[in-house]
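Okay, here's what each chain looks like letter by letter:
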Amino acid sequence: TKGVIEIPYPFWCPTEIKVTKMTGPGSQQMSEPKVFHFPLPAKVGALQCTDNKGSAIIPGFNFVHSEGLWYEAAEVNRCFLNGLL
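Read on for an overview of the structure.

Analysis parameters
Residues numbered from 1 in each chain as written. Predicted model: local features only at pLDDT ≥ 70, side-chain atom pairs only at ≥ 80, totals over all residues. Heavy atoms only, no water. Helix = DSSP H or I, 4+ residues; strand = E, 2+ residues; numbered from the N terminus. Rg over C-alpha atoms; globule rule 2.2 N^0.38 Å. Buried < 20%, exposed > 50% of the residue type's maximum accessible area, 1.4 Å probe, protein only. Contact = heavy atoms within 4.5 Å. Areas by Shrake-Rupley, 256 points an atom, 1.4 Å probe, with all protein chains shown as cover. Lys, Arg positive; Asp, Glu negative; His and termini not counted. Charge placed at Lys NZ, Arg CZ, Asp CG, Glu CD.

**Concerning the overall build of the protein chain**
- When helices and strands are tallied, the protein chain shows one helix and six strands.
- Overall, the protein chain shows an N-to-C arrangement of helices and strands of β-β-β-β-β-β-α.
- Whereas a compact globule of 85 residues would reach a radius of gyration of roughly 12 Å, the protein chain reaches 20 Å, over 25% beyond that.
- Principal-axis analysis of the C-alpha atoms gives the protein chain an extent of 65 × 30 × 20 Å.
- Looking at the protein chain residue by residue over its 85 residues, the buried ones come to 14%.
- Considering only intrachain contacts with a sequence separation of at least 6, the fraction spanning at least 24 residues in the protein chain is 25%.
- Accessible surface computed for the protein chain: about 7000 Å², of which carbon and sulfur atoms make up 60%.
- Considering the protein chain, the positive charge centre built from 7 side chains and the negative charge centre built from 7 side chains are found 6 Å apart.

Okay, here's the thing in structure tokens:
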């Protein structure tokens, strides 16, 4: 192996990862970890819906960092628009 990538909770949408490179015989020498940050998108919120009485509600997200799933949704949309899916 050439190194280790650590993905903290929540792994489905992390805001950072830590990369440690390994070198030397048997990969026994490890570099200082390098941390990469991936901020959540700004101004992304849960969609408004209605309850069983027709009143508007904003329920919030089901999972922590759900707003980060916006990146996946945007990529699927791009693929559809470009005929890739």
